[in-house]
Amino acid sequence: MAETGQKLKEEGMRLFHEGLYDEAVAKFEQAREMFAAEENEIEVAEMVNNLGVVYRLQDKWDEAIAALEEARATFSKLDDRNREAQTLGNLGGLYADKNERDKAKETLRQAADIFAELGDEERQGETLLALGVQLWKTGDRSGGLATYEAGLQILPKPTVKQKTVRNLLRMRNRLLGQKNNH
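## Observations regarding helix α2 (residues 21-37)
Next, step 1: If you check α2, its first and last C-alpha atoms are 24 Å apart, about what 17 residues at 1.5 Å a residue would give, namely 24 Å.
Next, step 2: The set of residues buried in α2 consists of Ala24, Val25, Lys27, Phe28, Ala31 and Phe35. Seen along its axis, α2 keeps its buried residues to an arc of 165 degrees; they face one direction. Opposite its buried face, α2 presents the exposed residues Asp22, Glu33 and Ala37, each directed more than 90 degrees away.
Next, step 3: At the exit of α2 stands Glu39, carrying a positive phi of roughly 60 degrees.

Structure follows, in structure tokens:
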């Protein structure tokens, strides 16, 4: 039975989750070729995005940036705002890993704005948390804390740790006489 692009994609994801990155790259490349033959631009871009994520984990910075920028451009061209925002988030994480804080802030802010437009509170909140950390690390302590706090407030299903931090921030706000947004 011939492998389809979808089966290759699924196999690549399985290998990725098992930490077998070189093998995952090979499957994503094969899937990309199959999707290209089918003229399925969205899935081609999805495979390129997946390659970018793997390259990031392998510290192959140039390959990762090139792949993620290519995927982002395709998602933008096809008006797939959700995948575009996810790819911007991936780029933000990559730039954070490289200590390119300004680029990290810019791409994370773009991703958060798109997730807000789409009403995706979970991803918007998670992206704001990452952006808050970047702002903090660049010396913008008040902006970082405010952005992080905004992300915590938006998250519909915070973890136990996030709930604890959110409650501590609410207590701080009450003690300071500030109103809570949520």
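Still more ground to cover, so stick around.
## Considering unusual backbone geometry
Next, step 1: If you check the backbone angles, Asp59 has positive phi at about 60 degrees while not being a glycine.
Next, step 2: Mapped onto the elements, Asp59 comes out in the loop between α3 (41-57) and α4 (61-77).
Next, step 3: Here the phi dihedral of Asp79 falls at roughly 60 degrees; this positive angle occurs in a residue that is not glycine.
Next, step 4: Following the sequence through the fold, Asp79 ends up in the loop between α4 and α5 (81-97).

What counts, and at which threshold
Residues numbered from 1 in each chain as written. Predicted model: local features only at pLDDT ≥ 70, side-chain atom pairs only at ≥ 80, totals over all residues. Heavy atoms only, no water. Helix = DSSP H or I, 4+ residues; strand = E, 2+ residues; numbered from the N terminus. Expected span 1.5 Å × (residues − 1). Buried < 20%, exposed > 50% of the residue type's maximum accessible area, 1.4 Å probe, protein only. Arc of directions from axis to C-beta.

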